[in-house]
Amino acid sequence: TMQAKLILKEISKNFHDNKDKYSVHRKLTGHFEQLCQDKNFLHDAIRDCLSKKNFFNNANNLFFYLLIEGDVIIAINLFPPIYDKTKDITVDNIHHHGWRLLTTGVISGNGYESINFKRKSHEDIEGSKVKIKIDKIFEHTNSCSQFIDSEQPHVVFHPETTTATLAIWSADRDLILFLIHISEPTRLG
């Protein structure tokens, strides 16, 4: 059980020790894909998560937060099918995660269909129309991890079978510097 905690802390440390968050996501890809298949790691991480004193007080969503350290979040997400097996129903609206980068891998189930849109294309608005552009339509399966950029709109469709993913979110830049920058007063004139 200590092993899962150490692995999660080491992943978080990689992000906190490096300014280039994109390169950390890229460099972790192989290790991350191994963790998605490592049933001992997943079992220990889930057991640690469930044994937290107040875990079930916030059990109103389909996330198991394995680690939250600053701007790094590592979680397991559950994607259940629609009860009547209706196809082409989205889990959520088209959305993006703001300044967060996401690497995700399927750890259980058959995966799900997803559409990623071009980064920031949702900002192309003409009148009352949003001219969002598709980047790729794909089946997210356990064959490889997927990376979603900050401010990249995407949508996930309900799977045919319950699917679980391991996800790592991080800021796309050092958060402290980012927060200082956005809090600076704007000067006129």
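Residues numbered from 1 in each chain as written. Predicted model: local features only at pLDDT ≥ 70, side-chain atom pairs only at ≥ 80, totals over all residues. Heavy atoms only, no water.

**Re the sheet that holds strand E4 (residues 112-117)**
Defined as follows: Two strands qualify as a pair provided DSSP detects at least 2 bridges between them. Each helix is a run of H or I in the DSSP string that is no shorter than four residues. Each strand is a run of E no shorter than two, and both are numbered from the N terminus. Between N-to-C directions, angles cover 0 to 180 degrees, with each direction set by a line fitted to C-alpha atoms, over the stretch in contact for helices.
Here three strands make up an open sheet; going across it, the order is E7-E4-E9 and the pairing antiparallel. In this open sheet, the two edge strands, each paired with only one partner strand, are strand E7 (134-140) and strand E9 (154-156). Here the strands of the sheet are splayed against their neighbours by 15° on average, with no regard to which way each runs. In terms of strand pairing, E4 meets E9 through three bridges, oriented antiparallel. Residue serine 114 lies in a different strand from E9, and its bridge partner there is valine 156.

**A short note on the packing of aromatic side chains**
The condition that has to hold: Centres within 6.5 Å make a pair out of two Phe, Tyr or Trp rings, where for Trp the six-membered ring is used; the pair is then stacked when the planes are under 30 degrees apart, edge-to-face when over 60, and tilted otherwise. Classification of residues uses two cut-offs on accessible area relative to the type maximum, computed with a 1.4 Å probe and protein chains only: under 20% is buried, over 50% is exposed, and between them is partly exposed. Counting as a charge over the ring demands two things of the Lys NZ or Arg CZ atom: a distance within 6 Å of the ring centre and an angle within 35 degrees of the ring normal.
According to the stated counting rule, one finds three aromatic pairs in the structure shown. An angle of 25° between the planes, with centres 5.7 Å apart, marks the rings of phenylalanine 63 and tyrosine 65 as stacked. Residue class for phenylalanine 63 comes out partly exposed when judged on its relative accessible area of 32%. Taking the relative accessible area as the measure of exposure, tyrosine 65 reaches 33% and is therefore partly exposed. Note on phenylalanine 79 and tyrosine 112: the rings are 4.9 Å apart at their centroids and 50° apart in plane angle, and the pair reads as tilted. With phenylalanine 79 in strand E2 (residues 72-79) and tyrosine 112 in strand E4, this residue pair connects regions lying 33 residues apart in the sequence. Of note, lysine 136 hangs over the ring of phenylalanine 138, and the distance from its end group to the ring centre comes to 4.6 Å.

**Some thoughts on the pairing of strand E10 (residues 163-171)**
The element E10 is extensively covered by neighbouring structure, given that nine of its nine residues are classed as buried. Here E10 shows no split at all, with Thr163, Thr165, Ala167, Trp169 and Ala171 on one side and Ala164, Leu166, Ile168 and Ser170 on the other all buried. Where E2 lies against E10, seven bridges are found, and the strand directions are antiparallel. The residue of E10 that forms the bridge with alanine 75 is alanine 167. Inspection of the sheet shows strand E3 (residues 100-108) paired to E10 by eight bridges, in the antiparallel sense.

**Re unusual backbone geometry**
Phi angles above zero are rare outside glycine, and lysine 120 is one such case at about 65°. Take lysine 120: it is sitting in the loop between E4 and strand E5 (125-126). Of the residues examined, lysine 120 reaches a relative accessible area of 34% and is grouped as partly exposed.

**Regarding the packing of helix H2 (residues 21-37) against helix H3 (residues 39-50)**
Definition in use: Roughly parallel refers to an angle under 35 degrees, roughly antiparallel to one over 145, roughly perpendicular to one between 65 and 115, and oblique to any angle outside these ranges. Residue contacts are counted whenever heavy atoms from the two residues lie within 4.5 Å of one another. Amino acids are sorted into nonpolar (Ala, Val, Leu, Ile, Met, Phe, Trp, Tyr, Cys and Pro), charged (Asp, Glu, Lys and Arg) and polar (every other residue, Gly among them).
Their axes nearest at 5 Å, the elements H2 and H3 cross at an angle of 75°. On the basis of the axis angle, H2 is roughly perpendicular to H3. Touching Leu35, Cys36 and Gln37 of H2 are Lys39, Phe41 and Leu42, all from H3. A class-by-class count of the residues in the contact of H2 with H3 yields four nonpolar, one polar and one charged.

By themselves, these figures tell us nothing about what the structure is for.
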